[in-house]
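Topology and contacts: notes
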Amino acid sequence: MNIPYTVEERPDTGLTNGKLGIWLFLASEVMLFGALFSTYIILRMGAPEWPHGELNVTLGAINTVILISSSVTMVMAWASLKMNDFGKHRLFLAATLVLSAVFLVNKYFEYADHFARGEGPAHSTFLAIYFTLTGLHGLHILGGMIVMAYFLGPGAGLWKKNPEQFANRIEVTGLYWHFVDLVWIFLFPVLYLL
Amino acid sequence: MDNVTSHGSVAHGHAHGHDEDHHQDLGFWRKYVFSIDHKVIGIQYTITALLFLLFGFTLMMIMRWQLAYPGRPIPLIGQWLGQDRAPMGIMLPEFYNQLGAMHGTIMVFLGVVPLAVGGFGNFVMPLQIGAPDMAFPKLNMMSYWVYFIGGVTMLASFFAPGGAAQSGWTSYAPLAVIAQSGQTIWLVGMIFLITSSLLGSVNFIVTIVQLRARGLGWMRLPFFVWAQFVTAFLLLLAFPPLEAAGVLQLMDRVAGTSFFMPSGLVVSGKALTVAGGGNPVLWQHLFWFLAHPEVYVLILPAMGIVAEIIANNTRKPLWGYKALVYSVGFLGFMSFVVWAHHMFMTGMGTTMSAFFQTTTMIISIPSVVILTAMLLSLWGASIRFTTPMLFALAFLPMFGIGGLTGLPLGLAPSDIHLHDTYYVIGHFHYVVAPGTIFALFAGVYYWFPKATGKKMNDVLGAIHFWGSFICINIVFMPMFIQGLGGMNRRMYDGGMQYAHNATLLKWNVVIGIAAWALGLFQIPFIINFFASMKWGKAADRNPWEATTLEWLAPSPPGHGNFLTEPIVYRGPYEYSVPGAAKDFSPQFEPEKA
C-alpha cells in the first residue's frame, strides 16, 4: 500500500503531503512563540523598570548574521538538488550545519557569561524570559541540526532511490529552518536592542 | 529533469514491491502494538481512552463518598489507599484535591479527547474520505505512543512524594507553582499530551485535504469529517499557548523564575522568597486561550458522530447540511476569541468583559444552529430506534441543557453569582458527560460492526442506555440547585461549615447514590463490548444500510482499507431519494443510466 501525494503534487490542491504538513506545523509554532512573545509584552508592561544593556549585542549581531547566512546556504542546498548537483548540495548542507553549530557555540558563551556572574533565570523577570525564549529557540536549532545530520548521513541514500522525494524533504527542512531563522530575527531586536 | 523522473518512477515501483513483501511478514509487535495502520491505532486509542474514562470516573465515585458521607471511612477500597491518602479509610483533604485535579485532567486530556479524536477520528475519518491510511502513518503511531507516555506519567504522579497534582485541572498560579512535586510531573505529562495532539492534528488536516477519494469534493464530505477537520485546527492552534504556559510554569517550579509569581506574596503568614514581578492572571489567559477551544474539541467530534447516526436512523438527508458546515467553521473561529469569559472574576475592566460577553453570545448562535438542524432532521422521519440512535437522540436535549445553562455564565453579572459553584460543574458536565460521552457511546455502538465484523447486543445496549440516562440526570440536575444556592465547588466536605449550604448538602447523598448506580450501569456495556467481539451477530459490510464510504470497505477492513479504489458520485446523506430502488443511495454507487 502506498500513500498518494508523498512525491507528486495533488492536482486540485497543488501540494504534497509533506509541504502542507510542515506549513501546519509552522502555524502551530507561530502560536507557541506568539504566546511567549505575548508573555514578554505583558510582563514588560507590568514591570516598574526594565533592564537595558545586559546582553552582549555584538555576539547577538554576529549570531544574527550567522543564522541569516545559514538560511542562504540552506536554499542553495535545495537549489543544487533541483540542478541535479548532489555534491554541491552536500557542501551547502554541511555549511548550514556548521553555521548552526557556530550559532550554538556563541550562545553557549553568552549563557556561560551570565551563569559566571551568578545571573541565572531566577535573577530577574527579564533574564527569565530571555533564557526561556532563547533556550526554546536553541532547542529548535538543535532539532534542525539533527535533521540535517540525518540527511547528510543515513538519509542521503534516498537521493539514489527517489531524488524527487529527497529534494522535497530538503525543501521541507528548509522551510522549517527559515522559520527558526525568522524567530531569531524577532528575538534579537526584542531582547538585545529594545 | 527527465533523468530525475524516470529515476523516480523506477524507484517507486521497487519501493512498492518491497512494501508488499514487508507487509506479509509483520510480526505480532508490528501488527498490534507498534502498528502504523490507522485502524489499529484508532482501536488502541479507543481502548486506552475507555480505560482512562473508567479510571477517571472511579476517582469521582471515591470523591462522591466523601461528599455524601464526610469523614466516614470509604468502604471496600478505603483501607488500601494508604496512610498519607486516607488514614483508617477516611479521606484527607489533600487526597480529595488530588482526586479532583486528576479527575478533570484524566477525563478531558486522557479520556474524551483521545477517544473522540484519536479513536474515532483515526478509525473512521480515513475510511469516510476513501483514503488508504493517514497521510503520515509513522507520525500517527508516534502520536499514540506519546499520548500513552503522557498518560502513564500522569498516573505515576499519584506515587510522587506528596501525591499527584492538587491544584485543579486548571492549575492556577500561584498555588500550582508552590504545590508539591506532583505538579511538576503533571506539567511534564501535559507537555507529552500536547505534543501528541499537535502531531495528530497536523496528520488529520493533511489527510483530509490531500487524501480525499476521487469525486469527494468539500461539500460532499460527511459532517463527521468536517467536525474532525475543524477540531484538528483548534488543537493545532490552541494547544501551543498551553505548551508555552506549561514551559513557563515548569520554569517557575524548577528554575526559580517568577513568570506567574507576583512580588510580596505571603503564604501561610510567611513572605515567599521568589524573584517576583510575575503575573498570576497571565497563567489564566494562556490556560483559557487553550481551554476554551478545548471545549469545542470535546463537543465538535461528538456533534459529528451524532449527525452521522441521526441521518442514518432517520433515513432522511440531514436538515441544512450547508448551514451545519458553515456553523462548525464559524464556531471554530469564534472559539478563539471568547476565552476570558472564564475570567470575569479576575477584576478585568468593563470594556474587556463587554467584549468577551458579546463574543460569547455570538458563539452560541452557531451552536444553536447545529442543534436545531439536528432536531429538525427528526421531523417526519420514521426513526429506527437502534442502540446508537438512542444515545444520539439523548445527546440532543442533554447538550441543549448544557449549552443553555452556559449562557448565564457567559454574562458577567450572573457569572459573579454563579462562578465557582456547583452550577458551573452541572453546566459543563451536561455538555461533556451526557452530551459528549453519550455521543461517544453512540459512536462505539455504531462503528463496532465496522471494526470487528460483529454487532453489539441491543438488549444490553438498552439497559446501558436507560440506566445511564436516568442516573446521569440525577447526578447533574441537583447540581444546578446546589449552585444556585451558592454552594462552592472544590470543598472536600461539601462546605459543611457554611450556613447557606445547610439545606443543599442532602443532595450530595442523592448524587452519590446516582453516581454509583451509574457506575453499575456501565457493566452491561463492558460485558457487551467484549462478549460481542466473540459471540456478536455477524455484520456484513453495511449493516446499518448507510451511505458514507466507510461502509464500502469490508468489515473489518484490511490493510489499505478498500478492495478497489473508491469513487464518489454524490453527497453524503442521500437517503430515501425519490424514485430510487432502495431508501439509501450510497456515495460509492454510480448513478444508473
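Rules used throughout
- Residues numbered from 1 in each chain as written.
- Chains lettered and ligands numbered in written order.
- Predicted model: local features only at pLDDT ≥ 70, side-chain atom pairs only at ≥ 80, totals over all residues.
- Helix = DSSP H or I, 4+ residues; strand = E, 2+ residues; numbered from the N terminus.
- Buried ≥ 20, exposed ≤ 12 C-beta atoms within 10 Å, placed from the backbone.
- Contact = placed C-beta atoms within 7 Å.
- Nonpolar A, V, L, I, M, F, W, Y, C, P; charged D, E, K, R; others polar.
- Core = buried A, V, L, I, M, F, W, Y, C linked by C-beta atoms within 7 Å.
- Expected span 1.5 Å × (residues − 1).
- Axes fitted to C-alpha atoms, helices over the stretch in contact; angles between N-to-C directions.
- Parallel < 35°, antiparallel > 145°, perpendicular 65-115°, else oblique.
- Left-handed = near helix turned anticlockwise from the far one by under 90°.
- pLDDT = per-residue confidence, 0-100.

**Remarks on the overall build of chain B**
- Of regular secondary structure, chain B possesses 18 helices and 4 strands.
- Expressed as a percentage of its 593 residues, the buried residues of chain B come to 53%.
- Taking all contacts inside chain B whose residues are at least 6 apart in sequence as the whole, residues at least 24 apart take part in 79%.

**Points about the interface of chain A and chain B**
- Of the residues lining the interface, 38 residues belong to chain A; the matching set on chain B comes to 40 residues.
- Those elements that provide at least two residues to the side of chain A that touches chain B are helix H1 (17–46), helix H4 (125–152) and helix H6 (163–193) of chain A.
- With 15 residues, the top contributor of residues to the side of chain A that touches chain B is H1(A).
- Here the side of chain A that touches chain B is composed, by residue class, of 22 nonpolar, 13 polar and 3 charged.

**Brief notes about the nonpolar core**
Residue and element names in this part refer to chain B.
- Ranked by internal contacts, the top residues of the largest apolar core, which has 224 residues, are Ile205, Val306, Phe391, Phe395 and Ala442.
- Among the elements that take part in this core, helix H8 (residues 223–255) stands out by supplying 21 residues, more than any other.
- Dropping the residues within four chain positions of it, Val306 is found in contact with Met374, Ala392, Phe395, Ala439 and Ala442.

**Quick word on unusual backbone geometry**
- Looking along the chain, the bond that leaves B:Ala173 and enters B:Pro174 is cis, with omega of 0 degrees.
- Relative to the helices and strands, B:Pro174 is located in the loop between helix H5 (137–156) and helix H6 (175–178).
- With an omega dihedral of -10 degrees, the bond running from B:Ser555 to B:Pro556 counts as a cis peptide bond.
- Structurally, the position occupied by B:Pro556 is in the segment after strand S4 (537–538).
- One non-glycine residue, A:Tyr5, lies in positive phi territory at about 65 degrees.
- Here A:Tyr5 is to be found in the segment before H1.
- On the basis of neighbour counts, which here come to 20 C-beta atoms within 10 Å, the residue A:Tyr5 falls in the buried class.
- In this structure, B:Arg490 is a non-glycine residue whose phi angle is positive, near 65 degrees.
- Tracing the sequence through the fold places B:Arg490 in the loop between helix H16 (458–484) and helix H17 (506–520).

**Considering helix H7 (residues 182–210) of chain B**
- Compared with the 42 Å implied by 1.5 Å per residue over 29 residues, the 42 Å span of H7(B) between its first and last C-alpha is a close match.
- Counting buried residues along H7(B), 24 of its 29 residues qualify, which places the element largely inside the surrounding structure.

**Observations regarding the packing of H16(B) against helix H18 (residues 523–535) of chain B**
Residue and element names in this part refer to chain B.
- Relative orientation of the contacting elements H16 and H18 amounts to 155 degrees, with a least axis distance of 8 Å. For the element pair H16 / H18, the angle class is roughly antiparallel. Considering only the axes of H16 and H18, their crossing is left-handed. On H18, the residues that touch Leu460, Gly461, Ile463 and His464 of H16 are Pro524, Phe525, Ile527 and Asn528.
- Looking at side-chain class alone, the contact of H16 with H18 contains 5 nonpolar, 3 polar and no charged residues.

**Focus on the confidence of the model for chain B**
All names here are of chain B.
- Per-residue pLDDT for chain B averages 93, and the proportion of residues at 70 or more is 96%.
- When the elements of chain B are averaged for pLDDT, helix H1 (residues 2–24) gives the smallest value, 38, and H16 the largest, 98.
- We note a pTM of 0.94 for the whole complex and an ipTM of 0.95 for its interfaces.

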